[in-house]
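Per-entry structural report
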Amino acid sequence: MDKEEYSNDEGKTENAFAVAKKEAGKENNNDVNSNMLLLKTKSRNIAVNKDNIMYVESHRRKKEIHMTDGVIEIYATMDELNYRLGNGFYQCHRGYIVNMAHVRKYSCDSIMVSSGELVYMSKEKYNGFKNSYTLYFKGI
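A brief look at the structure comes next. Only a predicted model underlies this, so the values are computations on that prediction, with no experimental measurement involved.

**Considering the side chain of Q91**
Looking at the element boundaries, Q91 is found in strand β6 (residues 89-93). Here Q91 falls in the buried class, since its relative accessible area comes to 13%. Of note is the side chain of Q91, whose polar atom sits 3.4 Å from the backbone oxygen of H93. Of note is the side chain of Q91, whose polar atom sits 3.3 Å from the backbone oxygen of R94.

Right under this line is the structure:
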């Protein structure tokens, strides 16, 4: 293999790595894509905007993603969803994760979201929620 062939092969390898990195999302700093979440239902894959998620409710292995325009049922763990949703979401109860952007009011045992629905909050999570909501509201 001469120097030119080696150089060409090296370029192809670097290109392949760049494409793989981009597909894996390592280089993708696009805000639109970072706000999207890919959900796998029983029959299809759906990309949803995190802003449209009001809360997640757990029913054993099945999770209901309550959106502004309907409900999506998936199979996942609460830990997995909590991690994938990231900042702006808070697990206020072992069976609920709420989107801070959709909180309209709260008390020591429940949270009202933008649709008027009530989400349970455990007494142990109340102080943590209150602090997180204050920080979220301040934009920190």
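So that's the structure; there's more coming.
**Quick look at the pairing of strand β4 (residues 62-67)**
In terms of residue burial, β4 counts as a mostly covered element, since five of its six residues are buried. Pairing geometry for strand β3 (residues 53-59) and β4, over six bridges, is antiparallel. When the bridges of β4 are listed, I53 appears paired with M67. Where β3 folds back onto β4 in an antiparallel hairpin, the turn is made up of two residues, including R60, whose phi is positive at roughly 55°. Here β4 pairs with strand β5 (residues 70-75) via six bridges, running antiparallel. For M67, the partnering residue across the bridge sits in β5 and is G70.

The rules behind these values
- Counting starts from 1 at the beginning of each chain's written sequence and moves along it residue by residue.
- Local features in a predicted model are, by the rule used here, given only for residues with pLDDT of at least 70; side-chain atom pairs are given and counted only at 80 or more, and totals for whole chains, interfaces and linings are based on all residues.
- To get the side-chain values, all heavy atoms of the structure are used, and hydrogens and water are removed first.
- Helix and strand assignments come from DSSP, with helices taken as H or I runs of at least 4 residues and strands as E runs of at least 2, each series counted from the N terminus.
- Residue exposure (1.4 Å probe, protein chains only): buried if accessible area is under 20% of the type maximum, exposed if over 50%, otherwise partly exposed.
- N or O atoms within 3.5 Å of each other form a polar contact, as long as, within protein, one can give a hydrogen and the other can take it, and as long as residues adjacent in sequence are counted only when both atoms are side-chain atoms.
- Pairing between two strands is assigned when DSSP locates at least 2 bridges connecting them.

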